[in-house]
Amino acid sequence: MHVTASPAFVEARGLVKRYGVLEAVRAVDLDIAVGEIVGIAGPNGSGKSTLARLLLGFARPHAGSVRIDGRSPEEFRVQDGIGYVPEDGERGWERATPRQLLMLRLGDPDVPSARAICDSIGATPLLDKRVGTLSKGQWRACLVAYAMVAAPRFIVLDEPDAGLDPAAMERLRTTTALLAGGGSSILLLSHHLDEMALGVHRLLFFSAGRIRRSIDPRGVGPTELRREYHSAVQAA
Amino acid sequence: MKWRSVRIVLATWRDWRTLGGVVIAIAVAAVTVTRSQANFSSAAVFYVPVLLATTVLGGLVQHVRRAAIWRTLLQRPVSAEGELWRLLGGGWGVYLVLVAVILGAALLGLAENAAVPRVRLLAVAVTGALWAGTSGLVVSVVASFASGSVAALSIGWILSPVLLSLVDSAAQLPDPVHGTLTFLMPSIDAIFGLGSYLAGDVPSLDPWHPAHLIGFPLLCLGILAWRFRVIARSERVGSE
């Protein structure tokens, strides 16, 4: 299935990724426009995270290509920077504070634009705590803040809502909309269909390494959304 | 912006107060002991760089290669290879300062030891500096390959010249094989041979020593450049 948006900022064509005999991503074509928020929903192990890493250049495709703003993902990342919240949530920075991480990213985490993102995502009260002392949801909020604070033009959020409470999920939705309004293209991977439907421009159902269906979720009710999802995924 | 990561990674990686306290304690012991026991300086020169290199450089490279650290760093607009070199450079700065504190203390005590001539002091200083560089390079290279057991593998490589001499004494190796193996191994003989020469203990330097003193660091830097290129291009994040 070829899923397009125009004009495309991120262009993936014929992406294939294998792990041994397992084909995790199978001939995926995907375009994401400037300022567009695209959601991907799919079962565990369907290849969503692998697709995300292919788009970011953190994994290499066995076939196909990715262009971001006309450049390879590596060139784009080195020249412009990206935003990425990985799904695993491994910490590694236990001794650091979120403020230090934001300094790493931005130099001065107190600039108004960064403060606006931190306030919006609810990370501001956490900035001076040690990462090792944060809860899973708090750490997730800080990862999202780190990914977004420099307002990169391409952001991939892989299950950023894992561990977030409903209020935090709403803040996440508001913040992604804010960044998309500023021109960032955002790919959001999640299992929360209803939440995603409220905040994305396009919703893709992904299963067994392929995009099975693309819908405009606006105006689609929760029941119909689930029916669409299950029929797309089960058809795989 | 690029160098900011070095400061933040180093500051947040480990509790430097503990390591700093240990280093100061060793430095105090070194200055005290070498005032009366000149031989202690040899032990300090040999073991301190190896232990500190393993702790600081080996640990740092392993830390940076953790997926969570690496993915955070690489969201910024920096090249992966450049970032590896910068972080290693920062680690080297800390490592050399810590080595200098202990070796400087040992040399200070040695300078106050009436039985030690000035020329031996110079020999110990030069040997210590060269050995610190060699140990750091060995550990850096090993850490760029290994995901664990950096200390064991580094010490194994550092001791390999001793193993070679044992093999050589049991079965005479052909000269080309011996020469090649020697150049792949840390330049222990050349460094300590130079120290002995400077101290006047031996009349001349073996002709291969200067070549080995230059060749081994170049070999290590070449391997590091290759390994960093491989790491920078590798897929650092596991599959879903």
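Calculation rules
- Residues numbered from 1 in each chain as written.
- Chains lettered and ligands numbered in written order.
- Predicted model: local features only at pLDDT ≥ 70, side-chain atom pairs only at ≥ 80, totals over all residues.
- Helix = DSSP H or I, 4+ residues; strand = E, 2+ residues; numbered from the N terminus.
- Expected span 1.5 Å × (residues − 1).
- Bend = angle between axes of the 7 residues up to and from the residue.
- Buried ≥ 20, exposed ≤ 12 C-beta atoms within 10 Å, placed from the backbone.
- Contact = placed C-beta atoms within 7 Å.
- Core = buried A, V, L, I, M, F, W, Y, C linked by C-beta atoms within 7 Å.
- Axes fitted to C-alpha atoms, helices over the stretch in contact; angles between N-to-C directions.
- Parallel < 35°, antiparallel > 145°, perpendicular 65-115°, else oblique.
- Left-handed = near helix turned anticlockwise from the far one by under 90°.
- Nonpolar A, V, L, I, M, F, W, Y, C, P; charged D, E, K, R; others polar.

Caption draft 1: A look at helix α7 (residues 150-170) of chain B. Residue and element names in this part refer to chain B. A rise of 1.5 Å per residue sets the reference length of α7, with its 21 residues, at 30 Å; its end C-alpha atoms lie 29 Å apart and thus fit the reference within 8%. In α7, a bend of some 45° at Ser 160 exceeds every other bend along the element, and Pro 161, a proline, comes one to four places later. When we look at burial in α7, the residues that qualify are Val 150, Ser 154 and Ile 158. Contact partners of the buried residues in α7: α3 (40-64) and α6 (118-145).

Caption draft 2: Quick peek at the nonpolar core. Among the nonpolar cores identified, the biggest contains 72 residues, and Leu 55, Val 144, Ala 145 and Leu 187 of chain A are the most heavily contacted of them. Top contributing element to this core by residue count: helix α5 (residues 136-148) of chain A, with nine residues. Every residue in contact with Ala 145 of chain A, bar those within four places of it in the chain, is listed here: Pro 98, Leu 102, Ile 117, Cys 118, Ile 121 and Ala 123 of chain A. With 51 residues, the next largest nonpolar core counts Leu 57, Leu 84, Leu 87 and Ala 106 of chain B among its residues.

Caption draft 3: Focus on the packing of α3 of chain B against α7 of chain B. All names here are of chain B. Where α3 meets α7, the axes come as close as 10 Å, and the angle between the chain directions of the two elements is 130°. One element, α3, and the other, α7, form an angle in the oblique class. Once α3 is placed against α7, the crossing between them reads as right-handed. Facing Val 50, Thr 54, Gly 58 and Gln 62 of α3, the residues of α7 in contact are Val 150, Ala 151, Ser 154, Ile 155 and Ile 158. Class assignment of the residues belonging to the contact of α3 with α7 gives a composition of five nonpolar, four polar and no charged.

Caption draft 4: Quick look at the packing of helix α5 (residues 80-111) of chain B against α6 of chain B. Residues and elements named next belong to chain B. Contact geometry of α5 with α6 gives a least axis separation of 10 Å together with a crossing angle of 155°. One finds that α5 runs roughly antiparallel with respect to α6. Here α5 runs over α6; the crossing is right-handed. Contacts from Leu 88, Trp 92, Tyr 95, Leu 96, Val 99, Leu 103, Leu 107, Leu 110 and Ala 111 of α5 reach α6 at Leu 121, Val 124, Ala 125, Gly 128, Ala 132, Gly 136 and Ser 140. Counted by class, the contact of α5 with α6 contains 13 nonpolar, three polar and no charged residues.

Caption draft 5: How the structure looks around unusual backbone geometry. Residue and element names in this part refer to chain A. In this model, Ala 27 sits at a positive phi of 50°, which is unusual for a non-glycine residue. Following the sequence through the fold, Ala 27 ends up in strand β3 (residues 22-33). Overall, Ala 27 belongs to the partly exposed group, with 16 C-beta atoms counted inside 10 Å. Backbone geometry at Glu 159 places phi at a positive 50°, although glycine is not the residue there. Turning to its location among the elements, Glu 159 is positioned in the loop between β7 (154-158) and α6 (166-181). For Glu 159, a count of 21 C-beta atoms within 10 Å puts it in the buried group.

Note that all results are geometric; they support no functional claim without further evidence.
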